[in-house]
Protein chains: 2
Amino acid sequence: MLKNVAVVGASGVVGREFLKLVQQRRFPAEKLTLLASKRSAGTTFEVGDTTLEVRETSADLLREASLVFFSAGASVSHEFAPIVVEAGGVVVDNSSAYRMDASVPLVIPEINPEDIQRHNGIIANPNCTTIMLLMAVGPIHRAFPVKRIVVSTYQAASGAGIAAMEELRQQSLDTLEGRELKPDAFQHPIAFNLFTHDSAIAENGYNGEENKVVNETRKILHDPNFPVAVTCVRVPIIRAHSESVNLEFHEPVSPEAIREVLSASPGVRVVDDRKANHFPMPIEASDIDDVLVGRIRQDMSRPDGTGIELFLSGDQIRKGAALNAIQIAEHLAGVTASA
Amino acid sequence: MLKNVAVVGASGVVGREFLKLVQQRRFPAEKLTLLASKRSAGTTFEVGDTTLEVRETSADLLREASLVFFSAGASVSHEFAPIVVEAGGVVVDNSSAYRMDASVPLVIPEINPEDIQRHNGIIANPNCTTIMLLMAVGPIHRAFPVKRIVVSTYQAASGAGIAAMEELRQQSLDTLEGRELKPDAFQHPIAFNLFTHDSAIAENGYNGEENKVVNETRKILHDPNFPVAVTCVRVPIIRAHSESVNLEFHEPVSPEAIREVLSASPGVRVVDDRKANHFPMPIEASDIDDVLVGRIRQDMSRPDGTGIELFLSGDQIRKGAALNAIQIAEHLAGVTASA
């Protein structure tokens, strides 16, 4: 049982989901402390039978916490995570602040749980797109070493927060009723439109999101040069990400073998009904824990049988963020309990 | 000047665009005959200063036409195209009926105009997704031979006709106002959702649309084994398709060289402003002739420099169908005039 679990960013879309999961999964916490920016302080949330008030994030409150979940952006994590660690607490960080820090494990519990053990107070939650991708590719790679990944994403508005989800709804209505659009959360209109991810373009021509997918995949697979080509695209979907994945292998591999591996993978549900034309879709992936994987087929462009294509959808807020973080925390709680 | 140009499927979304282009481009036709199913007969359209009435498609009317544009599905083309040819007319067919017929040229005028010459009365218009793809890849392949294409699509509702476009609008409104959705034009809900293309899955695991892209690309590039891996996805967009394209080359090639080739390609507009994060988007590709191409960058997964990634958007109804067809007809008119 953990004494005091604090949630920084409790009023955000991921923070709220985290609180929901704390109840649903009966997370073993004696006390919950909800923290956020000054602007959100005073908001209340029902957690189980109790009403909890959000308080402004402060060093004093954080020093009292045994485990802190951060989901308030990289700068907040940079400012406050070291304070938690110094006071003896453990941080599960959903921001990008520490993901590529060599001393910080980057963990998807179904894929590399062993990395949790070597933490020094901070464990990073990967980017949502990376989590979805590796939930499918991780177990495949273990069974049949993957040589190269080419992936194109279909990312929901939720990745940019509550305001972005609301902007998609409002702009859709504005479009349908002939009103002018006023983009705010996103640079470009999102209603009935799509655009490659709005993060800044780096020197290598990849945008921030794409570089995260490349670098985080390499770190999680413990292969610093693992070849990943990725294009991240924002689509007018509320809360589930999808990905079109092309895999190259060193040896020929059959769709049946891949289907078998995925069917036995925790956190993955194979949705691959060719007759009914029923495959992973965001509306069916929303509000569930599992990542849906389907369209598993031989890549016709590699007649030697060394290519597989698949398509997946997963809840960006849940497995892409809050669920993965609470799973890490559960591992930690288990470790603490058995220690 | 062509004596009598008939449009079969005149009341459909592509037929209507074709009529618009006939006026805009001052297509040299003495007479226009609008044809459609019995259900649409009697509808009228303003073409220039005249009001034209849609008549039911019949062998007698088609025998009088010198050039017939078909966009009413494969079965209508199969039934009526041979009648036109037998009477000495020429068919430009937008359906899939004759695309893979060895005696029928499959033409994108910017890419393989020379194939028009060898027609035997029928010239096929490629699938919209193939056209968009090859508008970018065709000129690149001419300059730097492409070894393999991996493409994932983001296809608009328009590809499934007027009813599908209306279904997207109506379902979006229904979702926002909390009403139940009743999918009809598409099997699955399209509002705030996406799904891999709803065409039937073939023996090889690819769906109908994906097999079209593979086979048509091979035919247009005159390379019966050209390697194409493709995943076709329907997204909640009104009328422009987008594609995320990964290209492998035999030799290293730079993004600058690709940008130069595309900048000089007719029908292509490079939209590739990294600083402003401004790249091809469906809302900017709609209602224009050019296919927008951007995100041109080195593929990081191929450190030997033999990979390029790019993203494109193009109007599915226009260059993906009606414009390409009228360009073919213009070539024919030119051929007729100079013969």
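Above this text is the structure in question.
K.L.:
If you had to explain the overall build of chain A to someone new, which residues and values would you point to?
P.N.:
Of the regular secondary structure elements, chain A holds nine helices and 16 strands. Computed over the C-alpha atoms, the radius of gyration of chain A is 20 Å, within 12% of the 20 Å expected from 2.2 N^0.38 for a compact globule of 339 residues. For chain A, the spread of C-alpha atoms along the three principal axes comes to 60 × 60 × 40 Å. The contacts in chain A between residues at least 6 apart in sequence include a share of 64% that link residues at least 24 apart.

K.L.:
Before we move on, could you go through the sheet that holds strand β1 (residues 2-8) of chain A and cite the residues and values that matter?
P.N.:
Residue and element names in this part refer to chain A. Pairing within the open sheet is parallel, and its six strands lie in the order β5-β2-β1-β6-β7-β8. Each edge of the open sheet is held by one strand with a lone partner, namely β5 (55-56) and β8 (122-124). Relative to strand β2 (residues 29-36), β1 runs parallel, the two being bridged by six bridges. What sits directly across from N4, in β2, is K31. Here helix α3 (residues 74-86) sits on the sheet in contact with β1, β6 (67-70), β7 (90-93) and β8, set at roughly 175° to β6.

K.L.:
Which residues make up the pairing of β7(A), and what are the values?
P.N.:
Residue and element names in this part refer to chain A. In β7, alternate side chains face the same way, and those of V90 and V92 on one face and V91 and D93 on the other are all buried. Direction of pairing for β6 relative to β7: parallel, over a ladder of four bridges. By the bridge assignment for β7, F69 is matched with V92. Once you follow β6 into α3 and on to β7, the crossover reads as right-handed.

K.L.:
Tell me about the pattern of salt bridges, and please be specific about residues and values.
P.N.:
On inspection of all chains with the given rule, the structure shows 48 salt bridges over all chains. With its nearest N and O atoms 3.5 Å apart, the salt bridge here joins A:R302 to A:E248. Separated by 54 residues along the polypeptide, A:R302 in the loop between β15 (291-298) and β16 (307-315) and A:E248 in strand β13 (residues 240-249) bring together distant segments of the chain. By relative accessible area, which is 14% here, A:R302 ends up buried. When the shortest N-O distance is used, the salt bridge between B:R239 and B:D315 registers 2.8 Å.

K.L.:
Account for the interface of chain A and chain B, naming residues and giving values.
P.N.:
Of the residues lining the interface, 65 residues belong to chain A; the matching set on chain B comes to 65 residues. In total, about 5,100 Å² of surface goes out of reach between chain A and chain B, with carbon and sulfur atoms giving 57% of it. Among the residues chain A hides against chain B, the three largest losses belong to A:F192, A:N277 and A:M300. Together they make up 14% of the total. Joining chain A to chain B, the criterion identifies eight salt bridges. Between B:R148 and A:E248 there is a salt bridge, with its nearest N and O atoms 2.8 Å apart. Across the contact surface, chain A and chain B share 36 residue pairs in polar contact (both at pLDDT 80 or more). When its residues are assigned to classes, the side of chain A that touches chain B shows 30 nonpolar, 21 polar and 14 charged.

K.L.:
Quick rundown of the pairing of strand β16 (residues 307-315) of chain B? Include the residues and the values.
P.N.:
All names here are of chain B. In terms of residue burial, β16 counts as a mostly covered element, since nine of its nine residues are buried. Here β16 shows two buried faces, one formed by G307, E309, F311, S313 and D315 and the other by I308, L310, L312 and G314. Where strand β13 (residues 240-249) and β16 come together, nine bridges link them in antiparallel fashion. Opposite E243, over in β16, you have L312 as the bridge partner. By the bridge criterion, five bridges tie strand β15 (residues 291-298) to β16 in an arrangement that is antiparallel. Within the sheet, the bridge partner assigned to R297 lies in β16 and is E309.

K.L.:
Residue-level account of the packing of aromatic side chains, with values.
P.N.:
Applying the stated criterion to the full structure yields seven aromatic pairs over all chains. Each ring, one from B:Y154 and one from B:F311, has its centre 5.6 Å from the other, and the planes form 65°; the classification is edge-to-face. Of this pair, B:Y154 sits in strand β9 (residues 146-154) while B:F311 sits in strand β16, and the two are 157 residues apart along the sequence. In this structure, B:Y154 and B:F311 share a single accessibility class: buried. Each ring, one from B:F186 and one from B:F195, has its centre 5.6 Å from the other, and the planes form 65°; the classification is edge-to-face. As far as the burial class goes, B:F186 and B:F195 line up, both buried. The structure contains a cluster of three or more aromatic residues connected by ring pairs, namely A:Y154, A:F311, B:Y154 and B:F311. The ring of B:Y206 is capped by A:R297, whose NZ or CZ atom sits 4.8 Å from the centre of that ring.

K.L.:
Break down the nonpolar core for me, with residues and values.
P.N.:
By size, the foremost hydrophobic cluster in this structure holds 116 residues, and its most contacted members are A:I149 and B:I149. Those residues within four positions of A:I149 in sequence are excluded, and the remaining contacts are A:L133, A:V137, A:T217, A:F226, A:P227, A:V228, A:A229, A:V245, A:N246 and A:L247.

K.L.:
Explain the packing of helix α4 (residues 128-143) of chain B against helix α7 (residues 255-263) of chain B residue by residue, including any values.
P.N.:
Residue and element names in this part refer to chain B. Remark: α4 packs on α7, axes separated minimally by 9 Å, with the N-to-C direction vectors making an angle of 115°. Where α4 crosses over α7, the two elements pack in a sense that is right-handed. For the pair formed by α4 and α7, the contact residues are A136, P139, I140 and A143 on the first element and I258, V261 and L262 on the second.

K.L.:
Any details on the relation of the copies chain A and chain B? Residues and values, ideally.
P.N.:
Each copy of the sequence occupies a distinct position, and chain A is placed on chain B by a rotation of 180° and an axial shift of 0.0 Å, giving an RMSD of 0.0 Å. The transformation relating the two chain copies, once decomposed into turn and shift, fits a two-fold axis.

K.L.:
Tell me what's going on with helix α3 (residues 74-86) of chain B, and back it up with residues and numbers.
P.N.:
Every α-helix winds through 3.6 residues per turn, so residues three or four apart in the chain are directed the same way. All names here are of chain B. Counted at 1.5 Å a residue, the expected span for α3 with its 13 residues is 18 Å, and the 18 Å between its end C-alpha atoms agrees. The axis of α3 is deflected most strongly, by about 35°, at F80, and proline P82 appears within four residues downstream. Residues of α3 that are buried include every one of S77, F80, A81, I83 and V84, and no others. Of the surrounding secondary structure, the elements contacted by the buried residues of α3 are α2 (59-63), β6 (67-70), β7 (90-93) and β8 (122-124). One or two steps after α3, the chain reaches G88, where phi turns positive at roughly 95°.

How each quantity is defined
Residues numbered from 1 in each chain as written. Chains lettered and ligands numbered in written order. Predicted model: local features only at pLDDT ≥ 70, side-chain atom pairs only at ≥ 80, totals over all residues. Heavy atoms only, no water. Helix = DSSP H or I, 4+ residues; strand = E, 2+ residues; numbered from the N terminus. Rg over C-alpha atoms; globule rule 2.2 N^0.38 Å. Contact = heavy atoms within 4.5 Å. Pairing = 2+ DSSP bridges. Axes fitted to C-alpha atoms, helices over the stretch in contact; angles between N-to-C directions. Buried < 20%, exposed > 50% of the residue type's maximum accessible area, 1.4 Å probe, protein only. Right-handed = clockwise from strand over helix to strand, strands pointing away. Salt bridge = Lys/Arg side-chain N within 4 Å of Asp/Glu carboxyl O. Buried area = accessible area lost by both parts, 1.4 Å probe. Polar contact = N/O pair within 3.5 Å; in protein donor to acceptor, adjacent residues only side chain to side chain. Nonpolar A, V, L, I, M, F, W, Y, C, P; charged D, E, K, R; others polar. Phe/Tyr/Trp six-rings, centres within 6.5 Å; stacked < 30°, edge-to-face > 60°. Lys NZ or Arg CZ within 6 Å of the ring centre and 35° of its normal. Core = buried A, V, L, I, M, F, W, Y, C linked by side-chain atoms within 4.5 Å. Left-handed = near helix turned anticlockwise from the far one by under 90°. Least-squares fit on C-alpha atoms with pLDDT ≥ 70 in both. Expected span 1.5 Å × (residues − 1). Bend = angle between axes of the 7 residues up to and from the residue.

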